[in-house]
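Spelled out, the chains give:
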Amino acid sequence: MIGSATSGRFETLRRKMVQQQLGGIVDGRVRDAMAMIPRERFVGSVMQPRAYEDGPLPIGAGQTISQPWIVARMTELLGLDGHEKVLEIGTGSGYQTAILAALTRKVISLERIGDLARSARRRLSDLGLSNVTVLASDGTMGRSDYAPYDAVIVTAGAPAIPERLIEQVVVGGPVVIPVGDAKSQVLLRLTRTPDDDSGHVQWREERFENCRFVPLIGRFGWKEQ
Ligand code: SAH
């Protein structure tokens, strides 16, 4: 289904992207998903010729589709084996969502901008990815009605660790999130550990690359300008 919907020219560019840009990404399942999902379908027609460049691209509403490498890196840090229910915050174009959908059982993806949520939903269904639910809502609150999740990924930059999200992942599950100021963040993996005696959520923190994402805006994120 997905393969037949793509043209040869983009397929060549996609293969090159995987070979040339995904240095350090060792998870074979992640590399395969990046080689399969047609990134050109997640940008507007003007940006399509640039779909396999090594960087982010504008997707409208002041937002961006993330650089391929960071998409692969964050996905790898989730350590998915195919059985998980994943919460994604910051659907944007839906590209990262498609990679997750190819690699796991179920994806709940939250986007605060209704227009982006709608177009992502359409792209994902056009590709036949039916294990995804895209909802227009403030992801800083998570989505307790679908919780608990086996893993959480946030693809917008947070000013601080939103504990609410860790409360919605299972013990042992990861929350991968960029945290920092508006201009630069560090990629964190927070792994939930058992609650303390008073029932307060606990986690272990690992730090990875520096990165730069658009701001996570919402109740437990940055305030809207
Ligand atoms: N993974 C996406 C990245 C999109 S950029 C892609 O590759 O296309 C980050 C997205 O997060 C933007 O679309 C922005 O609108 C969204 N966002 C920011 N704050 C949010 C929030 N509180 N809840 C849900 N989405 C949010």
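What you see is a predicted model, and the numbers here were worked out from it, not measured in a lab. (Residues numbered from 1 in each chain as written. Predicted model: local features only at pLDDT ≥ 70, side-chain atom pairs only at ≥ 80, totals over all residues. Heavy atoms only, no water.)

What follows concerns the overall build of the chain. Within the chain one finds six helices and nine strands. Seen through its principal axes, the chain has C-alpha atoms that stretch 60 × 40 × 30 Å. The proportion of buried residues among the 225 residues of the chain is 51%. Intrachain contacts of the chain at a sequence separation of at least 6 include 57% that bridge at least 24 residues. (Helix = DSSP H or I, 4+ residues; strand = E, 2+ residues; numbered from the N terminus. Buried < 20%, exposed > 50% of the residue type's maximum accessible area, 1.4 Å probe, protein only. Contact = heavy atoms within 4.5 Å.)

Quick look at the environment of G94 now. One can find G94 in the loop between β3 (85-89) and α4 (95-103). With 27 residues separating them along the chain, G94 and R121 place their C-alpha atoms 7.5 Å apart. If sequence neighbours within four positions are ignored, G94 has contacts with F42, A120 and L124.

Let us look at the side chain of T191. Within the secondary structure, T191 is located in strand β8 (residues 185-193). Once you skip the residues sitting within four places of it in the chain, T191 turns out to touch G172, G173, P174, Q202, W203, R204 and E206.

Within strand β5 (residues 132-136), four of the five residues are buried, leaving the element largely enclosed by the surrounding structure. By the bridge criterion, five bridges tie strand β4 (residues 106-111) to β5 in an arrangement that is parallel. When the bridges of β5 are listed, L110 appears paired with L135. (Pairing = 2+ DSSP bridges.)

Turning to the sheet that holds β4, a few remarks are in order. Strands sit in the order β5-β4-β3-β6-β7-β8-β9 across an open sheet of seven strands; the sheet is mixed. Each having just a single partner strand, β5 and β9 (202-211) make up the two edges of the open sheet. Across the sheet, the mean angle from the axis of one strand to that of its neighbour is 20 degrees, orientation sign disregarded. Lying on the sheet, helix α5 (residues 114-126) is in contact with β4 and β5; it crosses β5 at an angle near 165 degrees. (Axes fitted to C-alpha atoms, helices over the stretch in contact; angles between N-to-C directions.)

Another aspect to go through is the nonpolar core. Counting residues in hydrophobic clusters, the biggest one holds 47 residues, and the most contacted among them are L22, M34, F42, Y95 and I99. The set of elements that each furnish at least two residues to this core consists of α1 (8-21), α2 (28-36), β1 (57-60), α3 (68-78), α4, α5, β5 and β6 (151-154). With seven residues, the top contributor of residues to this core is α3. The contacts of L22, once residues within four sequence positions are left out, are M17, R31, M34, P68, W69 and A72. Counting residues in each nonpolar core, the second largest holds 21 residues, with Y149, L165, V169 and L188 among its members. (Core = buried A, V, L, I, M, F, W, Y, C linked by side-chain atoms within 4.5 Å.)

Now for α3. With eleven of eleven residues buried, α3 is to be regarded as a mostly interior element. If you check which residues of α3 are buried, you get P68, W69, I70, V71, A72, R73, M74, T75, E76, L77 and L78. Among the residues trailing α3, G79 stands out with phi positive, at a value near 60 degrees.

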